Amino acid sequence: MALVLLIAAGFRFAAIDAAPPGWRDDELIEFDMDRRIRGGWRPLFIAEAEGHEPFYHYLHAATMSLLGENIVGYKWLPFALGVLSVALTYALARRMFDARAGLLAAALMAVSFWPIMYARFGLRHIGIVPLMLGVFLLLWPGFTAEHAEGAEKKNDLRLLRALGDKILAGVLLAAALMTYFAGRALPVMLVGFLVYLLVFHRSVLRRVWPGIIGAIAIGALLAAPMFIEIRNTPGAEKRTEVVGGPLIAATRGDFQPALDTTLGTLGMFTFSGDPESLYNVSGRPVFDGLTGSFFYLGVLLCAVRVRRIESGFALVWLLVGIAPAFVSLPAASFSHTIAAQPVVYMLAALGIIAVSDRVTRWQGDRQAFLSPIRLVILSLVVFNAFLALRDYFGAWANDPFVRFQYHAPTRDIARWLDQNPQVTDVAIGTHPNELWLDPLALQLDLRREDVKARWFNPEAALVVPVRGFVLFSAMQPPDREVESLARDSSPEPAQEVLSWSGAESFTFYRTTHPGEPIKLGADFGAVGLIERQAVFQATSPGAQVTQQTNWQILDSISARRLKLFMHVLDETNSVVAGIDREDVNVATLRPGDLLLQFSRFTLPGTLTPGRYQVEVGWYNPETGERLRLTDGADRVVIGSLAVTAP
């Protein structure tokens, strides 16, 4: 088992910066939450990002306080919880079945794709598994026949210890409820087990129900403040609307979506797994065909032996654990079924052991350490490890869509900056949706603290730092006109940088501009419009207009966000066309930087021919407040547009 744990640690800690290839949006959003908790925020429930239970975030904030705001500080907690889950799976399977089942279940969990995936990125899903296993371990002794036979021999110390176990189980259950939505399946599993006992083992039921109900009550009581906060928070259960389409349809009498997701979930073990590339090689099932056949055999054996408490408990655990995916999207979601993860590998281990026992009875060498059947079992574990290496560290981590979703080019930029300490000023073009998350990703990956990074959307803007570098990330290819401006501002040709795996990562230009203030046509305080006569070519109704405006940053910008507007005005100063754009993270700009902005919009097809004024200005989209000129005006006219008859 020590060897299994070492292997589990290797699969979880190795290649920390290669798989995943970067940071998931959800990780960056949760990092911001954890950082605010470190700063003194104390939420009972986090309503942001479709709602987050807080327990894991408090743990994460604590580990980052110890290890720092970097990839190790962020990843250590899920890595550790992943290894702990393997150890606790062994402990519980050993109690439920035997040591062989515990060892084999732990070995499969140590090297398999599904457990590795959720232990290697920083989200709270993995927190459910060890908490749930801890609850079951604390409650399990009361279910056994040995416990019943020794009940009369209990002394006060044993009774006190048993009571302490029930209380601690309730505390862990509360922590699970306050970690992730799937934790709500845990009390359902326990109640489902009581129903099983009512049918098959009423004498055991009479003995254990007070402890189970007591643990559930303690958990519910401790978690009550969070649930009260959820009830009082508008939109707190938004995630049900996002993923619970089949459930909502079923409440309205339409059961077809739930039937489809149920069938899809039941097939997740060998036919088609989680379709989301974020968490799986899309459609990859939990098991290969051979290992999956052992899993089905384990399920069948438990069904045949349903009167055995451990078999009944395993079936209840499996069914309730995967049930959330019956009524949610996508079908077979590995996230929604994570509460079933340990028992899935226990059942596979049971199937393997059943075949092993039958074969060893035939060949009569049960005691031989290197018997053929044991070599076959070892080969099966090694084969699962090979599949995880191939599919997780290979195919999945290098998939282009995964690289995009996990900000892999930003991690490659961080590596390049760490390798080039002479580069301190950079402007980085990235996807417009990542202008605020990419800076966090770069901060977590950089080992330096002297890099001054500006962020812009190269579809429609270019930021040029004084004697710095412009980088175009593969997250967003630049517009042809934007790339041409970057090329014109650079004394050297562009240089392309590839990732370690050979994937396109980013292109950079060394750029330079005078740095001193350029003659301005309008001064909006921190942002100045570089003087130039706008030249609008005559156009016609329904045509697209493209206009470049050039700006210089004069001072630090206090606003977190700013939008640029360009409006076409008629003779009554009414807006007849135009566009508002936010193509730069203004909080990252530095005095002296140039901002070259393209505004593209389409004129109405019914526009009357004539001459129209064009104005520009800036405003804060969070408050609606506009930047003002020195004379108090909040816009400036940059030219006129002649519209001719088609």
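To be clear, the structure that these remarks concern was listed above.
What you are looking at is a predicted structure, and each value in this text was computed from that prediction instead of being measured.

Engineer: Just checking my understanding: could you explain the sheet that holds strand E13 (residues 610-619) for this structure?
Structural biologist: Remark on secondary structure: sheet strands pair via backbone hydrogen bonds, oriented parallel or antiparallel. The antiparallel open sheet is built from four strands, whose spatial order is E11-E10-E13-E14. Each having just a single partner strand, strand E11 (575-581) and strand E14 (636-643) make up the two edges of the open sheet. When the angles between neighbouring strand axes are averaged without regard to direction, this sheet yields 20 degrees. Sheet topology places strand E10 (residues 563-569) next to E11; six bridges connect them, and they run antiparallel. Within E11, the position partnered with Val568 by the bridge is Ala577.

Engineer: Is there a simple way to think about the packing of helix H15 (residues 289-304) against helix H16 (residues 309-322) in this case?
Structural biologist: Where H15 meets H16, the closest approach of the two axes is 8 Å, and the angle between their N-to-C directions is 125 degrees. By the criterion of interaxial angle, the relationship of H15 to H16 is oblique. For the element pair H15 and H16, the recorded crossing hand is left-handed. Between H15 and H16, the residues in contact are Phe295, Val299, Cys302 and Ala303 and Ser311, Ala314, Leu315 and Leu318, respectively. The residue inventory of the contact of H15 with H16, partitioned by class, reads seven nonpolar, one polar and no charged.

Engineer: Explain the packing of helix H7 (residues 128-139) against helix H10 (residues 185-200) here, please?
Structural biologist: A pair of packed helices is characterised by two quantities: the angle between their axes and the separation of those axes. The geometry of H7 relative to H10 is characterised by a closest axis approach of 11 Å and an angle of 30 degrees between their N-to-C directions. In terms of orientation, H7 lies roughly parallel with respect to H10. With respect to the hand of their crossing, H7 and H10 are arranged in right-handed fashion. Contact residues: Met132, Val135, Phe136 and Leu139 in H7; Leu186, Met189 and Leu190 in H10. Here the contact of H7 with H10 is built from residues that sort into seven nonpolar, no polar and no charged.

Engineer: Just to check I follow, could you spell out the sheet that holds strand E3 (residues 461-464) for this structure?
Structural biologist: Strands sit in the order E3-E12-E9-E8-E7 across an open sheet of five strands; the sheet is antiparallel. Here the strands that pair on one side only, and so sit at the sheet edges, are E3 and strand E7 (520-523). Averaged over all neighbouring strand pairs, the angle between strand axes comes to 30 degrees, with direction disregarded. Note that E7 and strand E8 (residues 527-530) share three bridges and pair antiparallel. Bridge pairing in E8 links Leu520 to Ile530.

Engineer: Explain helix H4 (residues 71-96) here, please?
Structural biologist: Counting along an α-helix, one turn takes 3.6 residues, and residues three or four places apart therefore face a common direction. Here H4 is 26 residues long and its end C-alpha atoms lie 37 Å apart, about the 38 Å a rise of 1.5 Å per residue gives. Within H4, the axis deviates most sharply at Leu77, by approximately 30 degrees, and proline Pro78 lies no more than four positions further along. Of the residues flanking the start of H4, the one acting as N-cap is Asn70, its side-chain oxygen 3.0 Å from the backbone nitrogen of Val72.

Engineer: Can you help me understand the pattern of salt bridges in this one?
Structural biologist: Oppositely charged side chains can form a pair if their charged atoms are brought close together. In total, this model carries 29 salt bridges according to the counting rule given. The salt bridge partner of Glu69 is Arg38, with a shortest N-O separation of 2.8 Å. Placement of the pair is Glu69 in the loop between helix H3 (55-67) and H4 and Arg38 in helix H2 (residues 25-38), with a sequence separation of 31 residues. By relative accessible area, which is 35% here, Arg38 ends up partly exposed. Residues joined by salt bridges that share partners form a network here, namely Asp32, Arg35, Arg36, Arg38, Glu48 and Glu69.

Engineer: Even after reading the chapter, I still don't get the packing of aromatic side chains, so can you show me in this structure?
Structural biologist: The geometry of two aromatic rings is summed up by the distance between their centres and the angle between their planes. All told, the structure shown has 33 aromatic pairs when counted by the stated rule. Each residue in the set Phe136, Trp140, Phe193, Tyr196, Phe200, Phe313 and Trp317 is aromatic and connected to the rest through ring pairs, giving one cluster. Positioned above the aromatic ring of Trp41, the side-chain terminus of Arg36 is 4.5 Å from the ring centre.

Engineer: I tried to follow the pairing of E10 on my own but got confused; where do I start?
Structural biologist: Two faces make up the sheet, and in a regular strand the side chains alternate between them. Among the seven residues of E10, six are classified as buried, and the element is accordingly described as predominantly covered. By the bridge criterion, seven bridges tie E10 to E13 in an arrangement that is antiparallel. When the sheet's bridge partners are listed, Lys563 is paired in E13 with Tyr619. Turn length for the E10-E11 hairpin, with the two strands adjacent in sequence and antiparallel, is five residues, and the turn residue Asn573 shows positive phi of about 65 degrees.

Engineer: Would you mind showing me how to read the pairing of strand E1 (residues 425-429) here?
Structural biologist: In terms of residue burial, E1 counts as a mostly covered element, since five of its five residues are buried. Of the two faces of E1, the one lined by Asp425, Ala427 and Gly429 and the one lined by Val426 and Ile428 are each fully buried. Of the strand pairs in this sheet, E1 and strand E2 (residues 452-456) are connected by five bridges, and their pairing is parallel. Its bridge partner being in E2, Val426 is matched across the sheet by Ala453. Assessed by its sense of winding, the connection that carries the chain from E1 through helix H21 (residues 438-445) to E2 is right-handed. Examined bridge by bridge, E1 and strand E4 (residues 468-473) share four bridges and lie parallel to one another.

Engineer: When you look at the nonpolar core in this model, what are you seeing that I'm missing?
Structural biologist: In a soluble, globular protein the nonpolar side chains are often hidden away together inside. Residues Leu92, Phe136, Met189, Phe269, Val286, Trp317 and Val344 are the most contacted members of the largest nonpolar core, which totals 114 residues. Excluding anything up to four places from it in sequence, Trp317 contacts Leu92, Met96, Met132, Leu133, Phe136, Met189, Ala339, Ala340, Pro342, Val343 and Met346. Counting residues in each nonpolar core, the second largest holds 48 residues, with Ala427, Ala461, Ala559 and Val568 among its members.

Engineer: In this structure, what is going on with helix H11 (residues 202-232)? I would like to understand it.
Structural biologist: At Ala224, H11 is deflected by roughly 50 degrees, the largest bend along its length, and proline Pro225 occurs up to four residues later in sequence. Within H11, the full set of buried residues consists of Val204, Leu205, Val208, Gly211, Ile212, Ala215, Ile216, Gly219, Ala223, Met226 and Ile230.

About the thresholds
Residues numbered from 1 in each chain as written. Predicted model: local features only at pLDDT ≥ 70, side-chain atom pairs only at ≥ 80, totals over all residues. Heavy atoms only, no water. Pairing = 2+ DSSP bridges. Helix = DSSP H or I, 4+ residues; strand = E, 2+ residues; numbered from the N terminus. Axes fitted to C-alpha atoms, helices over the stretch in contact; angles between N-to-C directions. Parallel < 35°, antiparallel > 145°, perpendicular 65-115°, else oblique. Left-handed = near helix turned anticlockwise from the far one by under 90°. Contact = heavy atoms within 4.5 Å. Nonpolar A, V, L, I, M, F, W, Y, C, P; charged D, E, K, R; others polar. Expected span 1.5 Å × (residues − 1). Bend = angle between axes of the 7 residues up to and from the residue. Polar contact = N/O pair within 3.5 Å; in protein donor to acceptor, adjacent residues only side chain to side chain. Salt bridge = Lys/Arg side-chain N within 4 Å of Asp/Glu carboxyl O. Buried < 20%, exposed > 50% of the residue type's maximum accessible area, 1.4 Å probe, protein only. Phe/Tyr/Trp six-rings, centres within 6.5 Å; stacked < 30°, edge-to-face > 60°. Lys NZ or Arg CZ within 6 Å of the ring centre and 35° of its normal. Right-handed = clockwise from strand over helix to strand, strands pointing away. Core = buried A, V, L, I, M, F, W, Y, C linked by side-chain atoms within 4.5 Å.

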